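Remarks on the overall topology
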Amino acid sequence: MDIEIDPNSNGLPGIGQLRGIVGASMTVGLILAVLALIISAVVWALGANSSNPHLAGRGKLGVLVGLGAAIITGASVALVNFFWNVGQAV
């Protein structure tokens, strides 16, 4: 006996609103990643210009964190879909 259960969008009330909230939070996450990238680049430039290696290093780390946050935020839907398909193949 096989059990077939698939996700549906009409099982609970408010699924459409939840999708809207998730989309808006992704937008906020991307905006914050851009802001972190800008601030970190400025810190990196100030540290490099003032011969402060600690400040320049923190700026570099901030740039990497901002880029990583943007990558994860942008790829989150594709990653979840990929692993959903892997799980369905098991």
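As named in an unreviewed UniProt entry, the chain is Integral membrane protein, taken from Nocardioides piscis.

**Some thoughts on the packing of helix 1 (residues 15–49) against helix 2 (residues 53–89)**
One can describe the packing of helix 1 onto helix 2 by two numbers: an axis separation of 7 Å at closest approach and a directional angle of 160°. Classified by the interaxial angle, the pair formed by helix 1 and helix 2 is roughly antiparallel. As for the relative orientation of helix 1 and helix 2, their crossing is left-handed in sense. Along the lines of polarity and charge, the residues of the contact of helix 1 with helix 2 split into 16 nonpolar, 8 polar and 1 charged.

**Some words on the environment of Leu67**
Of note, Leu67 is situated in helix 2. Taking the relative accessible area as the measure of exposure, Leu67 reaches 39% and is therefore partly exposed. The spatial distance from the C-alpha of Leu67 to the C-alpha of Ala33 is 7.0 Å, given a sequence separation of 34 residues.

**So, the packing of aromatic side chains**
Tallied over the full model, the rule gives 1 aromatic pair. Seen from their ring centres, Phe82 and Phe83 are 5.0 Å apart, and the 75° between their planes marks the pair as edge-to-face.

**What to know about unusual backbone geometry**
One non-glycine residue, Ser51, lies in the positive phi region at around 55°. Considering the arrangement of structural elements, one finds Ser51 in the loop between helix 1 and helix 2.

Calculation notes
Residues numbered from 1 in each chain as written. Predicted model: local features only at pLDDT ≥ 70, side-chain atom pairs only at ≥ 80, totals over all residues. Heavy atoms only, no water. Axes fitted to C-alpha atoms, helices over the stretch in contact; angles between N-to-C directions. Helix = DSSP H or I, 4+ residues; strand = E, 2+ residues; numbered from the N terminus. Parallel < 35°, antiparallel > 145°, perpendicular 65-115°, else oblique. Left-handed = near helix turned anticlockwise from the far one by under 90°. Nonpolar A, V, L, I, M, F, W, Y, C, P; charged D, E, K, R; others polar. Buried < 20%, exposed > 50% of the residue type's maximum accessible area, 1.4 Å probe, protein only. Phe/Tyr/Trp six-rings, centres within 6.5 Å; stacked < 30°, edge-to-face > 60°.

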